[in-house]
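# Structural description and commentary
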Amino acid sequence: MGRGLYFLFAVSLGFAVAYSAACGSPSVKASDDLDGGSGTNIVNQDSGSGKDEPPGYPPTCSDADPAKMVPNPLVDIPEGTFTMGCNPAVDQECKPDEDPPHSVHVSAFTIDKYEVTLAQYLGCVKDAKCTFPKCAWDPCVNPDHPMACIVFGQAKSYCDWVGKRLATEAEWEYAARGTDGRKYPWGNDPIDCAHANFLECGGGPTPVGSKPAGASPFGLFDMSGNAVEFTSDLYSATYYQGSPNDNPRGPTEGEAYVGRGGGFLSEGVWQRSSARDFYEPWYSRVSMGFRCAK
């Protein structure tokens with residue numbers, strides 16, 4: 001599960017959904033089908049984790065503004081080569097799993113300009129292709145807030161529904177920082193609440209795209225803060241020591257998936273573009289979201 005601020009979110013919603021890797025999470029293979037039970041929309045859905053889980057919560061409304069439900073626009077990311085991992089020349093907060101920095105080539109792809117929102121996810125639920133998240137949500141009052149409280153399979157199901165997929169870890173980092181080795185999406189200036197919605201900024205989500213000063217070199221919003229974002233890669237603390245240099249896809253087996261970008265309950269150290277966190281496939285939190293790629 002994620003390392004940053006495990007239990008703060010339980011206070012804000014009145015229930016705890018934190019799980020520990022010590023509980024004996026089963027190993028996951030990259031080929032496993034974790035579609036989140038697409039098409040069922042069953043409250044108390046059994047995800048197959050073998051653990052007691054919080055129930056799924058239906059939306060508090062069913063007719064959000066149709067314009068808000070339109071899927072995200074995609075941004076073209078050109079083919080390129082960048083240095084993946086922590087850059088010690090500009091970053092004194094490097095962690096062992098971000099080492100060594102290494103050159104990676106990424107083919108051209110597209111990625112959502114914004115994080116997936118509550119209203120957009122409602123469209124998938126109404127089409128019976130996505131299941132209810134693990135906490136209360138109001139896509140009418142907060143249509144532009146990032147979708148949260150979803151597990152990995154639910155993020156994957158939404159991306160499948162819109163004809164997209166989750167980004168690889170390498171694609172995500174390249175889209176977040178470009179090719180100049182910057183510490184944050186906006187550059188090397190210190191993090192503050194003008195650039196990212198993180199722990200020191202009020203303790204709640206903000207509408208996606210609310211921090212234009214924090215945009216990435218490719219014009220992507222909230223690549224730092226607001227919601228932690230699932231990627232498609234399984235996590236290994238030592239993966240960088242022998243990972244491929246051409247379009248790496250992560251290890252073939254593991255117990256958790258990589259989360260990137262930090263969230264509104266994460267400290268500043270997790271908002272760096274090279275920071276890696278990890279989450280079991282059945283784990284959800286109020287600041288755990290996603291965006292899609294293609």
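Residues numbered from 1 in each chain as written. Predicted model: local features only at pLDDT ≥ 70, side-chain atom pairs only at ≥ 80, totals over all residues. Heavy atoms only, no water.

In the nomenclature of an unreviewed UniProt entry, the protein chain is known as Formylglycine-generating enzyme family protein of Pendulispora rubella.

## Concerning the overall build of the protein chain
Heads up, the rule is: Strands here are runs of E lasting at least two residues and helices are runs of H or I lasting at least four, both read from the DSSP assignment and numbered beginning at the N terminus. The buried label applies to any residue whose accessible area, calculated with a 1.4 Å probe on protein chains only, is under 20% of its type's maximum; exposed applies above 50%, and partly exposed to all values in between. Contacts are residue-level and defined by heavy atoms, with any inter-residue pair within 4.5 Å sufficient. The accessible surface values rely on the Shrake-Rupley method and a 1.4 Å probe; as for residues, cover is taken only from the protein chains in view.
Each helix and strand counted, the protein chain has four helices and 10 strands in total. Reading the helices (α) and strands (β) of the protein chain from amino to carboxyl end gives α-β-β-β-β-β-α-α-α-β-β-β-β-β. By residue count, 57% of the 294 residues in the protein chain fall in the buried class. Partitioning the intrachain contacts of the protein chain with sequence separation of at least 6 by distance along the chain shows that 78% fall at a separation of at least 24. In the structure as shown, the protein chain presents an accessible area of about 11300 Å², 54% of it carried by carbon and sulfur atoms.

## Regarding unusual backbone geometry
Here the residue pair Asp99 and Pro100 is connected by a cis peptide bond, since its omega of 0 degrees sits within 30 degrees of zero. Inspection of the secondary structure puts Pro100 in the loop between β3 (80-84) and β4 (102-106). Phi is positive for Asp222, which is not a glycine, with a value near 60 degrees. With a phi angle near 45 degrees, Asn247 is a residue other than glycine that sits in the positive phi range. Tracing the backbone shows Asn247 in the loop between β6 (228-234) and β7 (253-254).

## Thoughts on the pattern of salt bridges
Put simply, the rule is: Salt-bridge detection follows one rule: a side-chain nitrogen of Lys or Arg within 4 Å of a carboxyl oxygen of Asp or Glu.
Following the criterion strictly, the structure yields 15 salt bridges and no others. In this structure, the salt-bridge partner of Glu169 is Arg276, at a minimum N-O distance of 2.6 Å. One end of the pair, Glu169, is in helix α4 (residues 169-177); the other, Arg276, is in the loop between β8 (257-260) and β9 (277-279), and 107 residues separate them in sequence. For Glu169, a relative accessible area of 1% gives the class buried. When salt bridges that share partners are traced, they join Asp91, Glu93, Glu98, Lys183 and Arg272 into one network.

## Regarding the side chain of Gln271
The line we're drawing: Between N or O atoms, a polar contact is any pair within 3.5 Å; within protein, one atom must be a potential hydrogen donor and the other a potential acceptor, and residues adjacent in sequence are included only when both atoms are from side chains.
Within the element layout of this structure, Gln271 appears in the loop between β8 and β9. Only 3.1 Å separates the side chain of Gln271 from the backbone oxygen of Gly263, close enough to count as a polar contact. Residues within four places of Gln271 in sequence aside, it is in contact with Tyr184, Pro185, Ile191, Phe198, Ser224, Gly225, Gly261, Gly262, Gly263 and Ser266.

## A look at the packing of aromatic side chains
Basically, it comes down to this: Only Phe, Tyr and Trp rings are paired, with Trp represented by its six-membered ring, and only when their centres lie within 6.5 Å; those with planes under 30 degrees apart are stacked, over 60 edge-to-face, the remainder tilted. Note on geometry: a ring has a charge over it if NZ (lysine) or CZ (arginine) is within 6 Å of the ring centre and within 35 degrees of the ring normal.
For the structure shown, the criterion picks out 13 aromatic pairs. A centroid spacing of 5.7 Å and a plane angle of 55 degrees characterise the contact between Tyr158 and Trp161, whose relative ring orientation is tilted. Of the two residues, Tyr158 and Trp161 both sit in helix α3 (residues 152-161), three residues apart, roughly one turn of that helix. Here Tyr158 falls in the buried class, since its relative accessible area comes to 2%. For the ring pair Tyr279 and Tyr283, a centre distance of 5.4 Å and an interplane angle of 15 degrees mean the geometry is stacked. Of the residues examined, Tyr283 reaches a relative accessible area of 1% and is grouped as buried. Taken together, the aromatic side chains of Tyr121, Trp137, Tyr158, Trp161 and Phe290 make up a single cluster linked through ring pairs. Looking at Lys95, its charged tip hangs above the ring of Trp270, at a distance of 5.4 Å from the centre.

## Side note on the state of the cysteines
In protein chemistry, a disulfide is the covalent bond that joins the sulfur atoms of two cysteines. Test applied: Two cysteine sulfur atoms form a disulfide, by the criterion used here, when they sit within 2.5 Å.
Throughout the structure, instances matching the rule amount to six disulfides. Two residues share a disulfide in this structure: Cys159 and Cys292, whose sulfurs sit 2.1 Å from each other. Here the disulfide of Cys159 and Cys292 is left-handed, its torsion about the S-S bond being about -90 degrees. One end of the pair, Cys159, is in helix α3; the other, Cys292, is in the segment after β10 (288-289), and 133 residues separate them in sequence. Exposure class is identical for Cys159 and Cys292. Each is buried. Put simply, Cys193 and Cys201 are joined by a disulfide, and their sulfur atoms are 2.1 Å apart. With the S-S dihedral at roughly -95 degrees, the linkage between Cys193 and Cys201 falls on the left-handed side.

## Considering α3
The buried fraction of α3 is high, at seven of 10 residues. Along α3, the residues classified as buried are Phe152, Gly153, Gln154, Ala155, Ser157, Tyr158 and Cys159. On its buried side, α3 packs onto α2 (118-126), β6 and β8. Just downstream of α3 lies Gly163, where phi reads positive at about 75 degrees.

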